[in-house]
Amino acid sequence: DHSAWADAYRAQIARWADIAPSRTVTSIFFGGGTPTLMKPATVAAILDEIAKRWTVASDVEITAEANPSSAEIDLFRAFRDAGVNRVSLGVQSFDPAALKFLGRRHDADQALRAIAESQKIFARTSFDLIYARPDQSASMWRTELERAIGLAGEHLSVYQLTIEPGTEFRRRKIQPAPEGPQAEM
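Residues numbered from 1 in each chain as written. Predicted model: local features only at pLDDT ≥ 70, side-chain atom pairs only at ≥ 80, totals over all residues. Heavy atoms only, no water.

Peer 1: How would you summarise the overall build of the chain if you had to cite specific residues and measurements?
Peer 2: Of the regular secondary structure elements, the chain holds nine helices and five strands. Listed N to C, the secondary structure of the chain is α-β-α-β-α-α-β-α-α-β-α-β-α-α in terms of helices and strands. The buried share among the 185 residues of the chain stands at 41%. For the chain, long-range pairs separated by at least 24 residues make up 74% of all intrachain contacts whose partners lie at least 6 apart in sequence. Summed over all atoms, the accessible surface of the chain reaches about 10400 Å², with 51% contributed by carbon and sulfur. In the chain, the 22 positive side-chain charges and the 24 negative ones have mean positions that sit 3 Å from each other. (Helix = DSSP H or I, 4+ residues; strand = E, 2+ residues; numbered from the N terminus. Buried < 20%, exposed > 50% of the residue type's maximum accessible area, 1.4 Å probe, protein only. Contact = heavy atoms within 4.5 Å. Areas by Shrake-Rupley, 256 points an atom, 1.4 Å probe, with all protein chains shown as cover. Lys, Arg positive; Asp, Glu negative; His and termini not counted. Charge placed at Lys NZ, Arg CZ, Asp CG, Glu CD.)

Peer 1: A description of the sheet that holds strand S4 (residues 124–131) should follow, citing residues and the corresponding values.
Peer 2: Spatially, five strands are ordered S1-S2-S3-S4-S5 in an open sheet, and the strand pairing comes out parallel. Of all the strands in the sheet, just strand S1 (24–30) and strand S5 (157–160) have a single pairing partner and so form its edges. Neighbouring strand axes in the sheet, compared pairwise and without regard to direction, differ in orientation by 20° on average. Two strands pair when backbone bridges link them, and strand S3 (residues 86–92) and S4 are joined in this way by five bridges, in the parallel orientation. Following the sheet pairing, Leu89 is matched in S4 by Phe127. Against the sheet, helix H2 (residues 40–53) engages S1 and strand S2 (55–66), with an angle of about 160° to S1. Of the strands in this sheet, S3, S4 and S5 touch helix H7 (residues 138–152), which is tilted by about 175° from S4. (Pairing = 2+ DSSP bridges. Axes fitted to C-alpha atoms, helices over the stretch in contact; angles between N-to-C directions.)

Peer 1: So, the packing of aromatic side chains: which residues are in play, and what are the values?
Peer 2: Counted under the stated rule, the structure contains five aromatic pairs. Their ring planes at 20° and their centres at 4.7 Å tell us that Phe101 and Phe169 sit as a pair that is stacked. Linking Phe101 in helix H5 (residues 96–101) with Phe169 in helix H8 (residues 168–171), this pair joins segments that are 68 residues apart in sequence. Lying over the aromatic face of Trp16, Arg15 brings its terminal NZ or CZ to 5.1 Å of the ring centre. Looking at Arg147, its charged tip hangs above the ring of Phe94, at a distance of 5.1 Å from the centre. (Phe/Tyr/Trp six-rings, centres within 6.5 Å; stacked < 30°, edge-to-face > 60°. Lys NZ or Arg CZ within 6 Å of the ring centre and 35° of its normal.)

Peer 1: Summarise the confidence of the model for the chain; cite the residues concerned and give the values.
Peer 2: Of all residues in the chain, 99% attain a pLDDT of 70 or more, and the chain-wide mean is 93. When pLDDT is averaged over each helix and strand of the chain, the minimum, 78, is found for helix H3 (residues 70–73) and the maximum, 97, for S1. (pLDDT = per-residue confidence, 0-100.)

Peer 1: Break down the nonpolar core for me, citing the residues and quoting the values.
Peer 2: With 39 residues, the main nonpolar core has Phe30, Leu89 and Phe127 as its most contacted residues. Those residues in contact with Phe127 that lie beyond four places of it in its chain are Leu89, Val91, Phe94, Ile115, Ala148, Leu151, Ala152, His155, Leu156 and Ser157. In this structure, Leu102, Ile130, Leu161 and Phe169 belong to the second largest nonpolar core, which totals six residues. (Core = buried A, V, L, I, M, F, W, Y, C linked by side-chain atoms within 4.5 Å.)

Peer 1: Before we move on, could you go through helix H6 (residues 108–121) and cite the residues and values that matter?
Peer 2: In a regular helix each residue adds 1.5 Å, so 14 residues correspond to 20 Å; H6 covers 20 Å between its end C-alpha atoms and thus fits that length. The set of residues buried in H6 consists of Ala108, Ala111, Ala114, Ile115, Glu117, Ser118 and Ile121. Those residues of H6 hidden inside the fold are in contact with H3, helix H4 (76–82), S3, H5, S4 and H7. Between a side-chain oxygen at the N-terminus of H6 and the backbone nitrogen of Asp109 the separation is 3.1 Å; the capping residue is Asp107. (Expected span 1.5 Å × (residues − 1). Polar contact = N/O pair within 3.5 Å; in protein donor to acceptor, adjacent residues only side chain to side chain.)

Pasting the structure below:
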(Lines give C-alpha, C1' and ligand atoms only; values in the text may rest on other atoms or scores of the structure.)
Protein backbone atom coordinates (compact mmCIF):
# COMPACT_ATOMS: atom_id res chain seq x y z
CA ASP A 1 0.00 0.00 0.00
CA HIS A 2 2.11 2.85 -1.32
CA SER A 3 -0.24 5.52 -0.02
CA ALA A 4 -0.20 4.23 3.57
CA TRP A 5 3.56 3.74 3.41
CA ALA A 6 4.10 7.30 2.14
CA ASP A 7 1.84 8.66 4.90
CA ALA A 8 3.85 6.76 7.52
CA TYR A 9 7.11 7.99 6.02
CA ARG A 10 5.87 11.60 6.07
CA ALA A 11 4.87 11.18 9.72
CA GLN A 12 8.39 9.98 10.57
CA ILE A 13 9.91 12.93 8.70
CA ALA A 14 7.69 15.30 10.71
CA ARG A 15 8.74 13.59 13.95
CA TRP A 16 12.44 13.90 13.13
CA ALA A 17 12.02 17.48 11.99
CA ASP A 18 10.65 18.28 15.47
CA ILE A 19 13.63 16.51 17.08
CA ALA A 20 16.26 17.98 14.74
CA PRO A 21 14.94 21.28 13.36
CA SER A 22 16.82 23.93 11.41
CA ARG A 23 19.10 21.54 9.56
CA THR A 24 20.36 21.62 6.00
CA VAL A 25 19.90 18.38 4.11
CA THR A 26 22.88 17.56 1.92
CA SER A 27 22.24 13.89 1.17
CA ILE A 28 19.18 11.65 0.86
CA PHE A 29 19.65 7.93 0.31
CA PHE A 30 16.91 5.50 -0.69
CA GLY A 31 18.56 2.16 -0.07
CA GLY A 32 18.61 -1.05 1.87
CA GLY A 33 16.86 -3.48 -0.39
CA THR A 34 15.14 -2.37 -3.54
CA PRO A 35 13.79 1.16 -3.20
CA THR A 36 12.93 1.16 -6.89
CA LEU A 37 9.90 -0.90 -5.88
CA MET A 38 8.54 2.45 -4.66
CA LYS A 39 6.42 4.37 -7.09
CA PRO A 40 8.18 7.50 -8.36
CA ALA A 41 5.26 9.51 -6.95
CA THR A 42 6.10 8.14 -3.50
CA VAL A 43 9.70 9.27 -3.89
CA ALA A 44 8.50 12.73 -4.94
CA ALA A 45 6.14 12.92 -1.94
CA ILE A 46 8.96 12.02 0.46
CA LEU A 47 11.29 14.58 -1.10
CA ASP A 48 8.55 17.24 -0.92
CA GLU A 49 8.04 16.50 2.77
CA ILE A 50 11.76 16.79 3.46
CA ALA A 51 11.83 20.14 1.66
CA LYS A 52 8.88 21.36 3.78
CA ARG A 53 10.66 20.47 7.02
CA TRP A 54 14.30 21.41 6.39
CA THR A 55 16.46 23.50 4.11
CA VAL A 56 17.66 21.38 1.21
CA ALA A 57 21.13 22.26 -0.11
CA SER A 58 21.22 23.34 -3.75
CA ASP A 59 23.75 20.56 -4.45
CA VAL A 60 21.90 17.85 -2.48
CA GLU A 61 22.73 14.31 -3.54
CA ILE A 62 19.59 12.16 -3.76
CA THR A 63 20.50 8.54 -4.37
CA ALA A 64 18.37 5.49 -5.08
CA GLU A 65 19.76 1.98 -5.05
CA ALA A 66 18.61 -0.16 -7.96
CA ASN A 67 19.14 -3.58 -9.41
CA PRO A 68 20.34 -3.77 -13.02
CA SER A 69 17.18 -5.47 -14.29
CA SER A 70 15.25 -4.25 -17.30
CA ALA A 71 12.23 -3.39 -15.16
CA GLU A 72 14.29 -1.11 -12.95
CA ILE A 73 16.14 0.49 -15.88
CA ASP A 74 12.73 1.50 -17.25
CA LEU A 75 12.12 3.45 -14.00
CA PHE A 76 15.33 5.54 -14.15
CA ARG A 77 13.78 8.52 -15.96
CA ALA A 78 10.74 8.53 -13.66
CA PHE A 79 12.98 8.50 -10.58
CA ARG A 80 15.07 11.32 -12.05
CA ASP A 81 11.90 13.30 -12.71
CA ALA A 82 10.82 12.65 -9.09
CA GLY A 83 14.05 14.26 -7.85
CA VAL A 84 16.64 11.46 -7.67
CA ASN A 85 19.95 12.70 -9.09
CA ARG A 86 22.17 9.66 -8.48
CA VAL A 87 21.68 5.93 -8.89
CA SER A 88 23.69 3.18 -7.21
CA LEU A 89 23.45 -0.16 -9.01
CA GLY A 90 23.80 -3.53 -7.31
CA VAL A 91 25.89 -5.08 -10.09
CA GLN A 92 27.98 -7.27 -7.69
CA SER A 93 29.92 -8.99 -10.51
CA PHE A 94 30.36 -9.25 -14.26
CA ASP A 95 31.11 -12.97 -14.04
CA PRO A 96 28.11 -15.18 -14.95
CA ALA A 97 29.03 -17.92 -12.46
CA ALA A 98 29.51 -15.38 -9.66
CA LEU A 99 26.15 -13.75 -10.41
CA LYS A 100 24.47 -17.14 -10.20
CA PHE A 101 26.32 -17.98 -6.97
CA LEU A 102 25.27 -14.62 -5.45
CA GLY A 103 21.64 -15.25 -6.40
CA ARG A 104 21.42 -12.23 -8.67
CA ARG A 105 18.57 -12.08 -11.16
CA HIS A 106 20.49 -10.10 -13.77
CA ASP A 107 23.25 -11.18 -16.10
CA ALA A 108 26.41 -9.32 -17.10
CA ASP A 109 24.81 -7.85 -20.23
CA GLN A 110 21.94 -6.41 -18.18
CA ALA A 111 24.47 -4.93 -15.76
CA LEU A 112 26.41 -3.29 -18.58
CA ARG A 113 23.19 -1.92 -20.08
CA ALA A 114 22.07 -0.57 -16.70
CA ILE A 115 25.40 1.18 -16.20
CA ALA A 116 25.26 2.75 -19.66
CA GLU A 117 21.62 3.83 -19.29
CA SER A 118 22.11 5.24 -15.79
CA GLN A 119 25.07 7.28 -16.99
CA LYS A 120 22.89 8.80 -19.73
CA ILE A 121 20.09 9.70 -17.33
CA PHE A 122 21.85 10.70 -14.10
CA ALA A 123 24.71 13.13 -13.61
CA ARG A 124 26.09 10.81 -10.93
CA THR A 125 26.09 7.02 -10.90
CA SER A 126 27.87 4.24 -9.10
CA PHE A 127 27.76 0.50 -8.85
CA ASP A 128 28.77 -2.16 -6.35
CA LEU A 129 30.98 -5.21 -6.70
CA ILE A 130 31.61 -8.05 -4.25
CA TYR A 131 35.03 -9.65 -3.96
CA ALA A 132 36.58 -12.50 -1.92
CA ARG A 133 34.03 -14.93 -3.24
CA PRO A 134 34.83 -18.64 -2.78
CA ASP A 135 37.35 -19.82 -5.37
CA GLN A 136 37.99 -16.26 -6.60
CA SER A 137 41.66 -15.55 -7.20
CA ALA A 138 43.44 -12.21 -7.03
CA SER A 139 44.01 -12.33 -10.81
CA MET A 140 40.29 -12.95 -11.42
CA TRP A 141 39.47 -10.00 -9.18
CA ARG A 142 42.05 -7.81 -10.91
CA THR A 143 40.46 -8.53 -14.31
CA GLU A 144 36.98 -7.78 -13.00
CA LEU A 145 38.11 -4.66 -11.18
CA GLU A 146 39.95 -3.29 -14.23
CA ARG A 147 36.79 -3.72 -16.27
CA ALA A 148 34.76 -1.99 -13.58
CA ILE A 149 37.16 0.94 -13.29
CA GLY A 150 36.84 1.48 -17.02
CA LEU A 151 33.05 1.74 -16.64
CA ALA A 152 32.70 3.39 -13.25
CA GLY A 153 33.07 7.08 -13.88
CA GLU A 154 33.69 8.87 -10.59
CA HIS A 155 32.57 6.25 -8.05
CA LEU A 156 32.77 2.49 -7.51
CA SER A 157 31.91 0.62 -4.31
CA VAL A 158 33.58 -2.69 -3.53
CA TYR A 159 32.58 -4.94 -0.67
CA GLN A 160 34.29 -7.99 0.70
CA LEU A 161 31.99 -10.99 0.89
CA THR A 162 31.00 -11.61 4.47
CA ILE A 163 28.82 -14.46 5.66
CA GLU A 164 26.25 -13.27 8.17
CA PRO A 165 24.34 -15.36 10.73
CA GLY A 166 20.88 -16.41 9.61
CA THR A 167 21.67 -16.21 5.90
CA GLU A 168 21.43 -18.88 3.24
CA PHE A 169 25.22 -18.76 2.78
CA ARG A 170 25.72 -19.48 6.50
CA ARG A 171 23.23 -22.37 6.38
CA ARG A 172 25.10 -23.79 3.36
CA LYS A 173 28.44 -23.30 5.15
CA ILE A 174 29.79 -21.11 2.33
CA GLN A 175 33.21 -19.65 3.07
CA PRO A 176 34.68 -16.52 1.48
CA ALA A 177 38.08 -16.71 -0.18
CA PRO A 178 40.85 -17.49 2.35
CA GLU A 179 42.40 -14.61 4.32
CA GLY A 180 45.63 -14.42 2.27
CA PRO A 181 43.89 -13.99 -1.10
CA GLN A 182 41.36 -11.64 0.52
CA ALA A 183 44.20 -9.38 1.64
CA GLU A 184 45.80 -9.51 -1.82
CA MET A 185 42.47 -8.59 -3.44
